Amino acid sequence: MANIADRNVQGGDGIDTFPFPVELSVGGVGMQVGPMGAGRTWHADAPLERVHRIDFHVVMLFGAGPVRHMVDFTEHEATAGDLLWIRPGQVHRFSRTGEYRGTALTMQPGFLPRSTVEATGLYRYDLPPLLRPDAAQLAGLQAALAQLRREYEDADTLPLSLHTAVLRHTLTAFLLRLAHLAARSAPALHRRTDSTFTLFRDAVERDFATNHSVSAYADALGYSRRTLVRAVRAATGETPKAFIDKRVVLEAKRLLAHTELPIGRVGAAVGFPDAANFSKFFHQHTDQTPAAFRAELR
């Protein structure tokens, strides 16, 4: 992914996030696909071997390995034929020693229509990032990705509007295959989802920074607390409170790892106005103080 980007954005909250580089893609469309290789970077001042955050999707189909790659503080080892799917907002880190070979696909949020986003589960953060297709699945994914790359690189045959439309359709075909693989790769509990859990999961993803109350989520969704507890247990094996807390801890870890925000501001960003309460909460769930966790990753 040589020079896939060379800029970053810093929001008012001091969070550095690397955006999708539309200006570097062929024809300025909202996706890129090409070979992985040496010289990969999103930004010249931020080595990818350090924990960083992106606001676009990355799918890497590995042609060699093994390569160790951290996604949201879990180390994954990928080898030839494996795929790694990193979603917007997740933090990750490239291996210093791994040799990245294969094909990388990046795409900008908003490039695909809502119906496709929903059908392909683009924001299913509960699904595993590392995917290991069997031979038949891999052949289908490789063929779909190769066709997508051919369409992407052929920017002259069609007018830009038609070229973009063809890319969207071809990308959708690849992502439907990928989404099917991701769903089948999930732990058995996560496959047994219903609309109650789905609505709760989406609400937590949207509101976890300001709402940590199970009862508040149940009221907002129109369910009894008991109904919500049953649905979340059936889907995940854990309580709604544990599900919320896990999401809050993950976001706190992300902010501690890739920003320079003071500990108190990290706590405020995930719903703890009092820094002492945040530190206590974080320690209860990680057996580390926020400062110790940050220092470990630097």
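The structure this text deals with has already been given above.
Residues numbered from 1 in each chain as written. Predicted model: local features only at pLDDT ≥ 70, side-chain atom pairs only at ≥ 80, totals over all residues. Heavy atoms only, no water.

1. Let's talk about the packing of aromatic side chains
Selection rule: Pairs were defined over the aromatic rings of Phe, Tyr and Trp, the Trp ring being its six-membered one, requiring ring centres within 6.5 Å. Orientation was assigned from the angle between planes: stacked under 30 degrees, edge-to-face over 60, tilted for the rest. Each residue's exposure class comes from its accessible area (1.4 Å probe, protein chains only) as a fraction of the maximum for that residue type: buried when under 20%, exposed when over 50%, partly exposed otherwise. Per the convention used, a helix needs a DSSP run of H or I reaching at least four residues, while a strand needs a run of E reaching at least two, with both numbered from the N terminus.
For the coordinates displayed, the defined rule picks out twelve aromatic pairs. When the centroid spacing of 4.9 Å and the interplanar angle of 50° are considered together, the rings of Phe94 and Tyr100 count as tilted. For the pair Phe94 and Tyr100, one class covers both residues: buried. Taking the centre distance of 5.6 Å and the plane angle of 85° together, the rings of Phe197 and Phe243 count as edge-to-face. On the criterion of sequence distance, the pair formed by Phe197 in helix α5 (residues 195-207) and Phe243 in helix α8 (residues 240-258) is long-range, its members being 46 residues apart. Considered together, Phe197 and Phe243 belong to a single accessibility category, that of buried residues. Through a chain of ring-to-ring contacts, three or more aromatic side chains come together here, namely Phe73, Phe272, Phe278, Phe281, Phe282 and Phe293.

2. Thoughts on unusual backbone geometry
Here the residue pair Gly65 and Pro66 is connected by a cis peptide bond, since its omega of 5° sits within 30 degrees of zero. Among the secondary structure elements, Pro66 is positioned in the loop between β5 (57-62) and β6 (67-71). The phi dihedral of Phe73 falls on the positive side, at around 70°, and the residue is not glycine. Phe73 gets classed as partly exposed once you look at its relative accessible area, which sits at 21%. At Asp287, a residue that is not glycine, the phi angle is positive and equals roughly 60°.

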